[in-house]
Amino acid sequence: MKRWEVRLNHAAWALTAATGLVYGVLKYFVPSADPDSRIGSPWQPGFLAAHVLVAPLAVFALGLIFRRHALARWRSGQSEGRPSGRILFLAVIPLVLSGYFLQVLTGVGSRRWTGWFHAVLGALFALAYLMHPLGVPERSGDVIDANEESAVRVD
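The following refers to the structure shown. Residue numbers here run from 1 along each chain, matching the order of that chain's written sequence. With the structure being a predicted model, the display of local features is reserved for residues of pLDDT at least 70 and the display and counting of side-chain atom pairs for 80 or more, all residues being used for whole-chain, interface and lining totals. With hydrogens and water stripped out, all remaining heavy atoms of the structure feed into the side-chain values.

**Some points on the overall build of the protein**
Link 1 in the chain: Here a helix means four or more residues in a row that DSSP labels H or I, a strand means two or more in a row labelled E, and each is numbered from the N terminus. Each helix and strand counted, the protein has 4 helices and 0 strands in total.
Link 2 in the chain: Along the protein, helices and strands appear, N-terminal first, in the series α-α-α-α.
Link 3 in the chain: Buried means the residue's accessible area, taken with a 1.4 Å probe over protein chains only, is under 20% of the maximum for its type, while exposed means over 50%, and partly exposed covers the values in between. Put simply, the protein has 155 residues, and 32% of those count as buried.
Link 4 in the chain: Sequence separation of 24 or more characterises 68% of the internal contacts of the protein that already satisfy a separation of 6 or more.
Link 5 in the chain: Only the protein chains shown count as cover for residues, with accessible areas throughout obtained via the Shrake-Rupley method and a probe of 1.4 Å. As displayed, the protein has an accessible area near 10200 Å², and 69% of this comes from carbon and sulfur atoms. Any two residues whose heavy atoms approach within 4.5 Å are treated as being in contact.

Structural data, given as structure tokens:
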């Protein structure tokens, strides 16, 4: 993988996780000063907007990593892998779809359940993302783009 792809992926997912976490805290755990308002904090709409704007960048960055990392391993027939990678792979599609559905659902119940589903999957994804590079020894032959001078190991 190229170094800029790794950095883009880390930055985009860090921003997505941070804005989602802060939005969730503001929405569900900060009491509103105005009893007639559904907004817990004046910062809540801004963090939601930031989360919605940065999430597509994270999905794009994940596509880059998937192409050079997960798909390359799968095509080469490499069967071993980390459990956190499997969690990331299985969680990303419902995570992304639930995020998009939240933008268009209008029913109160469907939005509530989809929102909680998205939040739980987001937390699971963030935890797996943080755990993914930990504790795995480097193996020889894991550089995907050997011709690139800024290539990095994929384990």
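**Digging into the packing of helix 1 (residues 3-28) against helix 2 (residues 44-75)**
Link 1 in the chain: Interhelical geometry of helix 1 versus helix 2 gives an angle of 150 degrees and a closest axis separation of 7 Å. Between helix 1 and helix 2, the angle is such that the two are roughly antiparallel. Helix-helix and strand crossings are classified by hand; for helix 1 and helix 2 the assignment is left-handed.
Link 2 in the chain: Throughout, the ten residues Ala, Val, Leu, Ile, Met, Phe, Trp, Tyr, Cys and Pro are labelled nonpolar, Asp, Glu, Lys and Arg are labelled charged, and all others, Gly among them, are labelled polar. Here the residues of the contact of helix 1 with helix 2 sort into 22 nonpolar, 6 polar and 4 charged. To obtain an axis, a line is fitted to C-alpha atoms, over the contacting stretch when the element is a helix, and the angle between two such axes runs from 0 to 180 degrees between their N-to-C directions. For this classification, under 35 degrees means roughly parallel, over 145 means roughly antiparallel, 65 to 115 means roughly perpendicular, and everything else is oblique. Take the far helix as your reference; a near helix turned counterclockwise from it by less than a right angle gives a left-handed crossing, and one turned clockwise gives a right-handed crossing.

**A short note on helix 4 (residues 108-131)**
Link 1 in the chain: Here a helix's expected span is defined as the number of its residues, less one, multiplied by 1.5 Å. Its 24 residues give helix 4 an end-to-end C-alpha distance of 34 Å, which sits within 8% of 34 Å, the value for a rise of 1.5 Å per residue.
Link 2 in the chain: Within helix 4, the full set of buried residues consists of Thr114, Gly115, His118, Leu121, Phe125, Ala128 and Tyr129.

**Focus: the packing of aromatic side chains**
Link 1 in the chain: Only Phe, Tyr and Trp rings are paired, with Trp represented by its six-membered ring, and only when their centres lie within 6.5 Å; those with planes under 30 degrees apart are stacked, over 60 edge-to-face, the remainder tilted. Considering all chains together, one arrives at 5 aromatic pairs under this definition.
Link 2 in the chain: When the centroid spacing of 6.5 Å and the interplanar angle of 50 degrees are considered together, the rings of Trp43 and Phe47 count as tilted.
Link 3 in the chain: Residue classification places Trp43 among the exposed positions, given a relative accessible area of 62%.
Link 4 in the chain: A network of ring pairs unites the aromatic residues Trp13, Phe125 and Tyr129 as a single cluster.

**Some words on the side chain of Asn9**
Link 1 in the chain: Within the element layout of this structure, Asn9 appears in helix 1.
Link 2 in the chain: Leave out the neighbours within four places in its chain, and Asn9 touches Ala58, Ala61, Leu62, Ile65 and Tyr129.

**Description of the nonpolar core**
Link 1 in the chain: One finds Trp13, Leu62, Leu88, Val92, Leu95, Phe125 and Tyr129 to be the most contacted residues of the largest nonpolar core, which totals 14 residues.
Link 2 in the chain: Only helix 1, helix 2, helix 3 (83-104) and helix 4 provide two or more residues apiece to this core.
Link 3 in the chain: The biggest single contributor to this core is helix 3, with 5 residues.
Link 4 in the chain: In contact with Leu95, other than residues within four places in its own chain, are Trp13, His118, Leu121, Gly122 and Phe125. Only buried residues count toward a nonpolar core. Its members are Ala, Val, Leu, Ile, Met, Phe, Trp, Tyr and Cys residues joined through side-chain atoms within 4.5 Å.

**Some points on the packing of helix 1 against helix 4**
Link 1 in the chain: Contact pair helix 1 / helix 4: the axes reach a minimum separation of 11 Å and the direction vectors enclose 140 degrees. The orientation of helix 1 with respect to helix 4, classified from their angle, is oblique. For the pair helix 1 and helix 4, the crossing hand works out as left-handed. In contact with Asn9, His10, Trp13, Ala17 and Tyr28 of helix 1, helix 4 contributes Trp116, Phe125, Ala126 and Tyr129.
Link 2 in the chain: The residue makeup of the contact of helix 1 with helix 4, split by class, is 7 nonpolar, 2 polar and no charged.

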